[in-house]
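Structure assessment
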Amino acid sequence: MRIIPAIDIIDGKCVRLSKGDYDTKKIYNENPLEVAKEFQDHGIEYLHLVDLDGAKSSRIINHKVLEQIATKTNLKIDFGGGLKSDEDLKIAFECGATQITGGSIAVKNPELFEQWIQNYGADKIILGADANNGKIAISGWLEESKEEVIPFIQNYQSKSIEYVICTDISKDGMLQGPSFELYQQIISQCKNVKLIASGGISGFEELPKLAQLGCEGVIIGKAIYESRITLKQLENYIK
């Protein structure tokens with residue numbers, strides 16, 4: 001199972017939210033590159049980079065941070081937040097993203113999102129299936145859609161999507177453990193899905209459980225920043 005630390009960006013700074021609520025913003029580092037380099041120094045190869053300013057607005061905002069991390073580390077970066085147009089996508093890939101995550105766009109403009117899968121390939125495009133009460137949430141989690149999680153994923157699997165990031169928003173940033181039950185359901189009902197678990201990770205002992213369920217990757221945010229999981233533990237796990 002791949003270990004994927006998260007860096008969330010507001011105003012160019014590394015922050016975390018609780019349950020996606022922008023009012024709960026806590027700044028952990030003014031310099032995201034510093035954080036990314038520390039991850040790399042501990043043997044980490046992957047990074048989940050989220051443009052929270054972009055997620056709330058109608059376009060990519062923090063692409064300079066992406067470019068900086070991509071040019072000054074060897075991390076393979078999946079980038080999300082505010083990708084609403086072909087131009088946004090072009091900027092993200094030109095600035096060094098290895099993969100991009102599309103959530104709101106997959107709900108609001110499925111035709112465009114399907115086109116991205118066809119044009120760039122299923123290995124480059126991740127479906128963001130972030131859920132609140134079993135329904136897909138969009139626009140930086142500020143809106144709830146009518147889409148239900150499992151049918152939503154299955155529909156995009158029929159359009160060739162392979163990678164899916166699923167965050168249970170009620171768990172995100174709460175350090176109370178991930179949504180094991182939800183991931184179990186997704187893995188059993190969405191055949192061959194490469195599921196990346198996200199949200200609620202609170203301790204190292206949860207990682208083997210997620211691996212056992214069949215998760216392809218896990219995104220870890222606040223648990224690292226609050227020292228619930230150390231980078232040394234992750235380094236040993238990767239080795």
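Look above for the structure.
Residues numbered from 1 in each chain as written. Predicted model: local features only at pLDDT ≥ 70, side-chain atom pairs only at ≥ 80, totals over all residues. Heavy atoms only, no water.

**Some thoughts on the sheet that holds strand E8 (residues 131–132)**
Taken together, three strands build an open sheet; the order of strands is E8-E9-E10 and the sheet is antiparallel. In this open sheet, the two strands that pair with only one neighbour each are E8 and strand E10 (143–148). Here strand E9 (residues 135–138) runs beside E10; their pairing, made up of three bridges, is antiparallel. Paired with Ala137 across the bridge in E10 is Glu144. In the packing of helix H7 (residues 149–157) onto the sheet, the strands contacted are E8, E9 and E10, and the crossing angle to E10 comes to about 70 degrees. (Pairing = 2+ DSSP bridges. Helix = DSSP H or I, 4+ residues; strand = E, 2+ residues; numbered from the N terminus. Contact = heavy atoms within 4.5 Å. Axes fitted to C-alpha atoms, helices over the stretch in contact; angles between N-to-C directions.)

**A short note on the nonpolar core**
One finds Ile7, Ile69, Phe113, Ile186 and Ile220 to be the most contacted residues of the largest nonpolar core, which totals 67 residues. If one sorts the elements of this core by residue count, H7 sits on top with five residues. Beyond its immediate sequence surroundings of up to four residues, Ile69 is in contact with Ile7, Pro32, Leu33, Ala36, Leu47, Leu49, Leu75 and Ile77. (Core = buried A, V, L, I, M, F, W, Y, C linked by side-chain atoms within 4.5 Å. Buried < 20%, exposed > 50% of the residue type's maximum accessible area, 1.4 Å probe, protein only.)

**Digging into the packing of aromatic side chains**
Taken as a whole and judged by the stated rule, the model has six aromatic pairs. Taking the centre distance of 4.9 Å and the plane angle of 25 degrees together, the rings of Phe93 and Tyr120 count as stacked. Linking Phe93 in helix H4 (residues 86–94) with Tyr120 in helix H6 (residues 110–120), this pair joins segments that are 27 residues apart in sequence. Taking relative accessible area as the criterion, Phe93 reaches 18% and is therefore assigned buried. An aromatic cluster is defined as three or more aromatic residues linked by ring pairs; in this entry it consists of Phe113, Trp116, Phe152 and Tyr156. Positioned over the ring face of Tyr156 is Lys159, at 5.8 Å from the centre of the ring. (Phe/Tyr/Trp six-rings, centres within 6.5 Å; stacked < 30°, edge-to-face > 60°. Lys NZ or Arg CZ within 6 Å of the ring centre and 35° of its normal.)

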